[in-house]
Amino acid sequence: MLSRWLTIIALSMGIGVFAQPAVADPAYLEDAIAETKEAIAAGKQLQAGSFVEHADEAIDRARSAVWQTPVDEIRKGIKLMRKAVKLAKGTNSDKRIAKATEQAELALEQFEAVK
């Protein structure tokens with residue numbers, strides 16, 4: 001009888017642990033937002049190398065956030081940031097860097113929508 005009660009209590013506690021709200025870890029998400037803002041600032045100054053560096057960091061932080069709590073907005077933001085990196089990597093074209101910056105701004109909107 002005591003064993004049955006201990007099992008019920010253990011299961012009820014375990015279910016409570018897994019039933020967490022769908023909110024990403026604020027530290028990783030804040031880092032992703034900060035790095036995305038840095039990437040946007042570098043993109044507006046047409047610094048492709050710095051843009052790619054900050055965008056890659058933003059992707060890493062966002063991947064950590066989505067790994068802990070899967071949120072579709074973060075996934076969409078990661079996808080947009082990857083597209084931005086692809087556009088800006090290895091180019092000096094002002095138009096491509098501007099287009100990459102636009103993608104990063106869209107990604108920023110996705111990241112901020114989670115907050």
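Before reading further, recall that the structure is shown in the block above.
Visitor: Explain the nonpolar core here, please?
Guide: Note that soluble globular proteins tend to have their nonpolar side chains buried in a common cluster. Formed by 28 residues in total, the largest nonpolar core has its most connected members in Phe51, Ile74, Met81 and Phe111. Secondary-structure elements contributing two or more residues to this core are helix 2 (26-44), helix 3 (48-68), helix 4 (72-88) and helix 5 (94-114). When residues of this core are assigned to their parent elements, the largest contribution, eight residues, is made by helix 3. Aside from chain neighbours lying at most four places away, what touches Phe51 is Ala39, Ile40, Ala42, Gly43, Ala84, Ala88, Ala100, Thr101 and Ala104.

Visitor: Looking at this model, I keep getting lost on the packing of helix 2 against helix 5. Mind explaining?
Guide: Helix-helix packing is described using two parameters, namely the angle between the two axes and the distance between the axes. Interhelical geometry of helix 2 versus helix 5 gives an angle of 160 degrees and a closest axis separation of 9 Å. Here helix 2 lies roughly antiparallel to helix 5, going by the angle between them. Relative to helix 5, the crossing made by helix 2 is left-handed. Across the interface between the two elements, Leu29, Ala32, Ile33, Thr36, Lys37, Ile40, Gly43 and Lys44 from helix 2 touch Ile97, Thr101, Ala104, Glu105, Leu108, Phe111, Glu112 and Val114 from helix 5. When the residues that make up the contact of helix 2 with helix 5 are grouped by side-chain class, the tally is nine nonpolar, three polar and four charged.

Visitor: What am I meant to see in helix 4 here?
Guide: With 17 residues, helix 4 should cover 24 Å at 1.5 Å per step; its first-to-last C-alpha distance of 24 Å lies within 8% of that length. Within helix 4 the residues assigned to the buried category are Ile74, Gly77, Ile78, Met81, Ala84, Val85, Leu87 and Ala88. Where the residues of helix 4 are buried, they touch helix 2, helix 3 and helix 5.

Cut-offs applied
- Residues numbered from 1 in each chain as written.
- Predicted model: local features only at pLDDT ≥ 70, side-chain atom pairs only at ≥ 80, totals over all residues.
- Heavy atoms only, no water.
- Core = buried A, V, L, I, M, F, W, Y, C linked by side-chain atoms within 4.5 Å.
- Buried < 20%, exposed > 50% of the residue type's maximum accessible area, 1.4 Å probe, protein only.
- Helix = DSSP H or I, 4+ residues; strand = E, 2+ residues; numbered from the N terminus.
- Contact = heavy atoms within 4.5 Å.
- Axes fitted to C-alpha atoms, helices over the stretch in contact; angles between N-to-C directions.
- Parallel < 35°, antiparallel > 145°, perpendicular 65-115°, else oblique.
- Left-handed = near helix turned anticlockwise from the far one by under 90°.
- Nonpolar A, V, L, I, M, F, W, Y, C, P; charged D, E, K, R; others polar.
- Expected span 1.5 Å × (residues − 1).

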